[in-house]
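One letter stands for each residue in the lines below.
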Amino acid sequence: DTEVTQTPKHLVMGMTNKKSLKCEQHMGHRAMYWYKQKAKKPPELMFVYSYEKLSINESVPSRFSPECPNSSLLNLHLHALQPEDSALYLCASSQDPGVSYSPLHFGNGTRLTVT
Amino acid sequence: EDKVVQSPLSLVVHEGDTVTLNCSYEVTNFRSLLWYKQEKKAPTFLFMLTSSGIEKKSGRLSSILDKKELFSILNITATQTGDSAIYLCAASGGGADGLTFGKGTHLIIQP
């Protein structure tokens with residue numbers, strides 16, 4: 001088990017559905033991240049929130065919409081996804097992104113299947 | 001563009017063998033290099049290296065960074081079947097920019 005909690009663990013959705021992925025950490029970390037990982041590939045960065053502000057958006061399609069309601073929570077809203085968006089979506093957090101780098105701590109991920 | 005290259009991409013050895021995994025990087029404003037182990041789900045943190053030549057150890061695992069030659073190695077001695085996993089190397093540059101990952105080394109330990 002990790003200290004970064006992601007829900008749901010698995011999600012199957014149709015291309016017209018709207019769903020949300022949730023991530024929570026209570027380690028007092030001030031940076032939170034969304035990564036996408038396809039089978040047999042490394043994680044790819046999607047979004048970075050630093051002190052609850054979106055600091056990086058790695059050219060992710062608008063059908064993915066991140067939200068950081070507070071320092072402990074991170075959401076990823078999904079709408080009109082494509083089958084190729086099926087992947088493991090990993091949330092991560094780190095202590096302080098701006099001053100000295102600290103390791104990312106990953107959640108167990110949400111396995112998303114788009115039908 | 002930042003780049004992290006791992007080798008080998010896959011490796012099959014027998015229990016008890018020692019393995020060395022390699023990672024080279026080209027990262028603007030390099031700050032640190034990290035190793036993760038990924039089994040079925042979350043990558044779990046192994047080491048973070050920021051200084052050249054200082055070996056970090058945790059049980060049978062050890063790692064070292066060479067900032068002049070821009071590479072790192074991860075050693076695992078007396079391997080066990082539980083060491084079977086994908087080992088990811090990642091490098092960070094300046095700022096709140098996450099990590100650039102290599103493709104990973106898929107390590108299989110046979111009994």
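As the structure is a computational prediction, the values presented were derived from the model and not from experiment.

Q: What should I look at first to understand the overall build of chain B in this one?
A: Tallying secondary structure elements over chain B gives zero helices and 11 strands in all. A compact globule built from 111 residues would reach a C-alpha radius of gyration of about 13 Å, and chain B, at 13 Å, matches this within 12%. Taking all 111 residues of chain B together, the buried fraction comes to 44%. Long-range contacts, defined as pairs at least 24 residues apart, comprise 55% of the intrachain contacts of chain B with a sequence gap of at least 6. As presented, chain B carries roughly 5400 Å² of accessible surface, and 50% of it is formed by carbon and sulfur atoms. Here chain B contributes 11 positive and 11 negative side-chain charges, whose respective centroids are spaced 4 Å apart.

Q: What is the right way to read the sheet that holds strand 8 (residues 73-79) of chain A from this model?
A: Hydrogen bonds between backbone atoms are what pair the strands of a sheet, whose relative direction is either parallel or antiparallel. Residue and element names in this part refer to chain A. Spatial strand order, 1-3-8-7: four strands in an open sheet with antiparallel pairing. The open sheet has two free edges, formed respectively by strand 1 (4-7) and strand 7 (64-70), since each of these has just one partner strand. Ignoring which end each strand starts from, the neighbouring axes of this sheet average 20° apart. Here strand 1 pairs with strand 3 (residues 18-25) via four bridges, running antiparallel. Pairing of valine 4 across the sheet is with glutamine 25, part of strand 3.

Q: Before we go on, may I ask you to explain the state of the cysteines in this structure?
A: In a disulfide, the sulfur atoms of two cysteines are covalently bonded to one another. All names here are of chain A. Evaluation of the coordinates by the stated rule reveals two disulfides over all chains. Each disulfide pairs two cysteine sulfurs, and for cysteine 23 the partner residue is cysteine 91, the sulfurs being separated by 1.9 Å. Here the S-S torsion is close to -70°, and the disulfide linking cysteine 23 with cysteine 91 is therefore left-handed. Note that cysteine 23 is positioned in strand 3 and cysteine 91 in strand 9 (residues 87-94), a separation of 68 residues in sequence. Each member of the pair cysteine 23 and cysteine 91 is classed as buried.

Q: What is the right way to read the packing of aromatic side chains from this model?
A: Aromatic ring pairs are reported here in terms of the distance separating the ring centres and the angle at which the planes meet. Enumeration over the complete set of coordinates arrives at nine aromatic pairs over all chains. With a centroid separation of 5.7 Å and an interplanar angle of 90°, the aromatic rings of tyrosine 35 of chain A and phenylalanine 101 of chain B are classed as edge-to-face. Of this pair, tyrosine 35 of chain A sits in strand 4 (residues 31-37) while phenylalanine 101 of chain B sits in strand 10 (residues 100-101), which puts the two residues in different chains. Across the pair, phenylalanine 101 of chain B and tyrosine 35 of chain A agree in class, each one buried. Between tyrosine 25 of chain B and phenylalanine 30 of chain B, the ring centres sit 4.3 Å apart and the planes meet at 20°, which makes this aromatic pair stacked. This pair shows no difference in class: tyrosine 25 of chain B is buried, exactly as phenylalanine 30 of chain B is. Aromatic rings pair up to connect Tyr33, Tyr35 and Phe106 of chain A together with Tyr36, Phe45 and Phe101 of chain B into one cluster.

Thresholds applied
- Residues numbered from 1 in each chain as written.
- Chains lettered and ligands numbered in written order.
- Predicted model: local features only at pLDDT ≥ 70, side-chain atom pairs only at ≥ 80, totals over all residues.
- Heavy atoms only, no water.
- Helix = DSSP H or I, 4+ residues; strand = E, 2+ residues; numbered from the N terminus.
- Rg over C-alpha atoms; globule rule 2.2 N^0.38 Å.
- Buried < 20%, exposed > 50% of the residue type's maximum accessible area, 1.4 Å probe, protein only.
- Contact = heavy atoms within 4.5 Å.
- Areas by Shrake-Rupley, 256 points an atom, 1.4 Å probe, with all protein chains shown as cover.
- Lys, Arg positive; Asp, Glu negative; His and termini not counted.
- Charge placed at Lys NZ, Arg CZ, Asp CG, Glu CD.
- Pairing = 2+ DSSP bridges.
- Axes fitted to C-alpha atoms, helices over the stretch in contact; angles between N-to-C directions.
- Disulfide = S-S within 2.5 Å.
- Phe/Tyr/Trp six-rings, centres within 6.5 Å; stacked < 30°, edge-to-face > 60°.

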